[in-house]
Amino acid sequence: MTVEQSAPPRDRPDVAVVQRRTVRLLAGTQVLGGTGVTIGVAVGALLAADLAGTAVAGLAQSAGVVGAALLAVPVTRLMTGYGRRPGLVLAYLVGAAGGVLTVLAAVTGWVPLLFLGMLLFGGGSAANLQARYAAVDLAEPARRGRQLSVVVWATTVGAVAAPNLAALADGLTTGWGLPRLAGPFAFSAVAFVATAGVLLIFLRPDPLLTARRLTADPGVTTDPGAVNTRSVTTTDPGAGADPGVAGAGAGPATRPAGSLRAAWAQVRRRPAARLGVAAVAVGHLVMVAVMVMTPVRLHEAHHDGDVLPVVGLVLSLHIAGMYAFAPLVGWLTDRLGRRAVVLGGAGLLLAACAVAGTAGHDTPRLAAGLVLLGLGWSATMVAGSTLLSESVPVPVRPTVQGLADLIMGLAGAGAGAASGFVVQTAGYPVLTLLAAVAVGPLVALALRPVPSRGPGRGDTGDVPDEKE
């Protein structure tokens, strides 16, 4: 991609046009990708329980969370050099491979293959999570929360329907000879491949490369999100080269080298970045811990023939809480501030643990607790991701975002791995109590004074450091 100010206006689409097209494409692919991710989440714990017992159900499910966390590192390094598009495509294809291996594990009954398949299946989650950052690359500062939330919200369509499609996919594929609970993962693999194909063809120009070129141009403000009328010329997408790659080797401002150590240094010296990382990590930890064991809790009160529809309904309501209100959460994030929404999310997580933990086998009350859990996750995810993205400079954003998703994934994976053992030894109410305790440090951090930048101001991440 080259910045060309002498070209005719009709040949130079402005950044606002590129941003609108990018957000629409990301929203569309989130529908398909979200379906693939959620249909696996809906039955993953049940499949693991069938093959290896309840104690390892959470451990197998957490393998997908670990996979998403570990894949965030190579994916964001690929993005650092070549843009968002190849990183997202790679993550979805890895997720598809994981879905195929999980089907083979169900067929053979081989538990180690199940763990490997679930590990790679996390690629779909990694791609879905990284897509939210792509929506912020070219967003105006005053609309960052809303732009990010649109992509999060788009997952609602596929994610809410996915748990209810699990029974349909399972019934269809058992007729083909596949064992129970294998069909949903086969469907997920197809969805991931289709999503990767759409992104490979249509995510041009790449939003991250466009933002980086505008930041490196001395004639442009350092915040590409504030450049609503800036025009850019891209290479022909049909030529096979990604727009912007031609200039990727021009210098460190265009193609910066990144490492997790450097990313951690950026986070440590920026209080706002620390809060952003903590918000997404704690919100994800609590959500995973409670959510992955809820299907097992429901199974205790329902027969085998009834459990899938009940699980599908409860998880659909939970996922609606996660995604359906994201635009409202994004608007509040821009209107009230990032920290206020993080605190609100923490309160919702505490309420969710209280309701679900005292529900017993009351399915409607469990469903209400899972809705609150989803709302709390949405608030911490949208506000935390927005705060993190605007708190660090453009050249290092992908690496810092990858670090945040790694920490978030490992936190969720640890919670998921421990949840099965906690439920088996102490019960579901104790699990929700421990999850509530985990929210405490986030509340304490959010209540500390944090230097803020108004949502209408440009922010390159050069925020003043807080005095310790």
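Q: What's the story with the side chain of Gln401 in this structure? I'm lost.
A: Mapped onto the secondary structure, Gln401 falls in helix H14 (residues 397-425). Judged by relative accessible area, which is 1%, Gln401 ranks as buried. Ignoring sequence-local partners within four residues, the contact set of Gln401 consists of Arg84, Gln130, Tyr133, Leu388 and Ser389.

Q: I would appreciate a short explanation of helix H4 (residues 111-134) in the present structure.
A: Given 3.6 residues per helical turn, the α-helix brings residues three or four places apart onto the same face. End to end, H4 covers 36 Å across 24 residues, agreeing with the expected 34 Å (1.5 Å per residue, within 8%). In terms of burial, H4 is largely enclosed, as 18 of its 24 residues are buried.

Q: Would you explain empty space enclosed by the protein in this entry?
A: To find leftover empty space, one rolls a probe the size of a water molecule over the atoms. For the coordinates displayed, the defined rule picks out 2 cavities of 30 Å³ or more. Those elements giving two or more residues to the lining of the largest cavity turn out to be helix H1 (15-52), helix H2 (57-82), H4, helix H5 (144-174), helix H9 (271-299), helix H10 (304-323), helix H13 (363-390) and H14. Ranked by residue count, the leading element in the lining of the largest cavity is H4, at 9 residues. Counted by class, the lining of the largest cavity contains 22 nonpolar, 15 polar and 2 charged residues.

Q: Help me out: how do you make sense of H13 in this one?
A: A rise of 1.5 Å per residue sets the reference length of H13, with its 28 residues, at 40 Å; its end C-alpha atoms lie 41 Å apart and thus fit the reference within 8%. Counting buried positions over the 28 residues of H13 gives 22, a clear majority of the element.

Q: Hey, could you run me through the packing of helix H11 (residues 326-336) against H13 in this one?
A: When two helices pack together, you describe them by how their axes are tilted relative to each other and by the distance separating the axes. Two elements in contact, H11 and H13, have axes separated by 9 Å at closest approach and are oriented at 45 degrees. Judged on the interaxial angle alone, H13 and H11 are oblique. Classified by chirality, the crossing of H13 by H11 is right-handed. Every residue of H13 that contacts H11 at Ala326, Val329, Gly330 and Thr333 is listed here: Ser378, Ala379, Val382, Ala383 and Thr386.

Q: Where do I start with the packing of aromatic side chains in this structure?
A: How two aromatic rings sit relative to each other is given by the distance of their centres and the angle of their planes. Scanning the entire structure with this criterion turns up 4 aromatic pairs. Measuring from ring centre to ring centre gives 5.4 Å for Phe121 and Phe192, while their planes differ by 50 degrees; the resulting arrangement is tilted. With Phe121 in helix H4 and Phe192 in helix H6 (residues 183-202), the pair connects residues that are 71 residues apart, well separated along the chain. Grouping residues by exposure puts Phe121 and Phe192 together as buried. Among the aromatic residues, those joined into a cluster by ring pairs are Tyr92, Phe121, Phe185 and Phe192.

Definitions and cut-offs
- Residues numbered from 1 in each chain as written.
- Predicted model: local features only at pLDDT ≥ 70, side-chain atom pairs only at ≥ 80, totals over all residues.
- Heavy atoms only, no water.
- Helix = DSSP H or I, 4+ residues; strand = E, 2+ residues; numbered from the N terminus.
- Buried < 20%, exposed > 50% of the residue type's maximum accessible area, 1.4 Å probe, protein only.
- Contact = heavy atoms within 4.5 Å.
- Expected span 1.5 Å × (residues − 1).
- 1 Å grid on protein atoms, 1.4 Å probe; cavity = no way out; pocket = protein on both sides within 12 Å on 5 of 7 lines; lining within 4 Å.
- Points joined across faces, edges and corners; volume = space filled by probe spheres on them.
- Nonpolar A, V, L, I, M, F, W, Y, C, P; charged D, E, K, R; others polar.
- Axes fitted to C-alpha atoms, helices over the stretch in contact; angles between N-to-C directions.
- Parallel < 35°, antiparallel > 145°, perpendicular 65-115°, else oblique.
- Left-handed = near helix turned anticlockwise from the far one by under 90°.
- Phe/Tyr/Trp six-rings, centres within 6.5 Å; stacked < 30°, edge-to-face > 60°.

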